[in-house]
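Summary of the model geometry
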Amino acid sequence: MDRYAVIGNPIGHSKSPQIHRLFAEQTGQQISYEAVLAPLDGFASTLQHFLADGRGVNVTVPFKEQAWTLVDQHSAAAAKAGAVNTISLQEDGSLLGDNTDGKGLVRDIQVNAGLSLRGLRVLLVGAGGAARGVIQPILAAGPAQLCVVNRTVEKAEQLASLFAEDGPISAAGFQWIEEPVDLIINATSASLGGAVPDMSPKLIRPGHTWCYDMMYAKEPTVFNRWAAEHGAARCVDGLGMLVEQAAEAFLLWRGVRPDTAPVLQTLRG
Ligand code: ATR
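About the criteria used
- Residues numbered from 1 in each chain as written.
- Predicted model: local features only at pLDDT ≥ 70, side-chain atom pairs only at ≥ 80, totals over all residues.
- Heavy atoms only, no water.
- Pairing = 2+ DSSP bridges.
- Helix = DSSP H or I, 4+ residues; strand = E, 2+ residues; numbered from the N terminus.
- Axes fitted to C-alpha atoms, helices over the stretch in contact; angles between N-to-C directions.
- Domains from an automatic or database assignment.
- Contact = heavy atoms within 4.5 Å.
- Buried area = accessible area lost by both parts, 1.4 Å probe.
- UniProt positions renumbered as here; feature names shortened; annotations may be inferred.
- Salt bridge = Lys/Arg side-chain N within 4 Å of Asp/Glu carboxyl O.
- Buried < 20%, exposed > 50% of the residue type's maximum accessible area, 1.4 Å probe, protein only.

Comments concerning the sheet that holds strand 12 (residues 234–236)
In sheet architecture, strand pairing relies on hydrogen bonds along the backbone and comes in two forms, parallel and antiparallel. Across the sheet, which stays open at both edges, the 6 strands sit in the order 9-8-7-10-11-12 with parallel pairing between neighbours. Of all the strands in the sheet, just strand 9 (169–172) and strand 12 have a single pairing partner and so form its edges. Along the sheet, successive strands turn relative to each other by an average axial angle of 20°, direction set aside. Sheet analysis places strand 7 (residues 121–125) next to strand 10 (residues 183–186), joined by 4 bridges and oriented parallel. Bridging from a neighbouring strand, leucine 123 pairs with isoleucine 184 of strand 10.

Written out as structure tokens, the structure is:
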């Protein structure tokens, strides 16, 4: 049986083993998938140890950037994302690094939630690794404008110049903008500390603006509660993104893309 794993720290909360188990059942693929805790200073050796007889791994917080430096080749998506969330052991023993987060996000928004990004004015809040990983796929979906807003504006500006050739991207600080947009995506880690980025609620046009939090929790996230209080037309959390990025990884490893809808339904249930 081919072995796969997700490596992170912490990892106990990870839903990835359950998701991949459901994918394997559905597609009839004979695989095992486990959660592996790596010490904060021991990602490289944990990866090497697992891949001695494993076929591939998913990488999660806080090791995605380090994974990028350890693989032998990068997919186009991973190259610019600066982070790797999926590693495949190649026939020749080399490691291919991919990043399926952005594809997963865009698919969750466009297919699961049914909102086409084409022609939309989109705000991406945050300029860390999570934001960087999703910019190229968002731009590829053809928004009218993607504005990266961040508490530390210099980091948003750096991302806007890094991706300038990929589409209409700009940068701003939290207090610079008040015009309503069509979609706000929260890619900050603020929710982890129970905080909401300090942005104007005027960015939300009641009944029109959609809000998407890349985080998820059993209860609505603080960002989505803030959005709902200010009249957002729809608030979506990141559970669908998690399942979709996993499906993309499964496709890379096994050559078959699982149907994500029943898996998402099971997780939500
Ligand atoms: P990740 O890999 O999850 O993106 P990161 O690289 O540490 O983590 O980036 C965290 C992001 O969340 C940054 O954009 C950070 O803003 P700064 O660059 O100004 O630090 C943002 N962030 C974290 N806590 C926040 C808060 N309370 N309000 C607003 N932004 C916050």
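Side note on the domain arrangement of the protein chain
On domain assignment, one finds that the protein chain holds domain 1 (2–99) and domain 2 (102–239). Distance between the C-alpha centres of domain 1 and domain 2: 26 Å. Contacts between the two partners involve 8 residues from domain 1, matched on the other side by 11 residues from domain 2. Of the roughly 700 Å² buried at the junction of domain 1 and domain 2 (both faces included), carbon and sulfur atoms supply 46%. Of all residues in domain 1, Lys15, Lys80 and Ala81 bury the most surface against domain 2, accounting for 68% of the area lost on that side.

Focus on the UniProt feature "domain: Quinate/shikimate 5-dehydrogenase/glutamyl-tRNA reductase" (unreviewed entry) in the protein chain
Annotation from UniProt places "domain: Quinate/shikimate 5-dehydrogenase/glutamyl-tRNA reductase" (unreviewed entry) at residues 116–191. With 29% helix and 24% strand, the stretch residues 116–191 has end C-alpha atoms that lie 26 Å from each other.

A few points about the sheet that holds strand 6 (residues 95–98)
Strand order across the open sheet formed by 6 strands is 2-1-3-5-6-4, with mixed pairing between neighbours. Here the strands that pair on one side only, and so sit at the sheet edges, are strand 2 (31–37) and strand 4 (73–74). Here strand 3 (residues 56–59) pairs with strand 5 (residues 86–89) via 3 bridges, running antiparallel. Bridge assignment links glycine 56 to a residue of strand 5, and that residue is serine 88. With respect to the sheet, helix 2 (residues 43–50) is in contact with strand 1 (2–8), strand 2, strand 3, strand 5 and strand 6, its orientation differing from that of strand 1 by roughly 170°.

Topic: the pattern of salt bridges
Here the structure, examined in full by the defined rule, presents 14 salt bridges. In this structure, lysine 64 and aspartate 101 form a salt bridge, with 2.9 Å as the shortest nitrogen-oxygen distance. Taken together, the positions of lysine 64 in helix 3 (residues 64–70) and aspartate 101 in helix 5 (residues 101–112) put the pair 37 residues apart, joining distant regions of the chain. Residue classification places aspartate 101 among the buried positions, given a relative accessible area of 11%. Between glutamate 244 and arginine 257 there is a salt bridge, and its shortest N-O distance comes to 2.9 Å. Here glutamate 244 is found in helix 9 (residues 239–254), whereas its partner arginine 257 is found in the loop between helix 9 and helix 10 (260–268), with 13 residues between them in sequence. Here arginine 257 falls in the partly exposed class, since its relative accessible area comes to 23%. Beyond isolated ion pairs, a larger network of salt bridges with shared partners links Lys103, Arg107, Glu244, Glu248 and Arg257.

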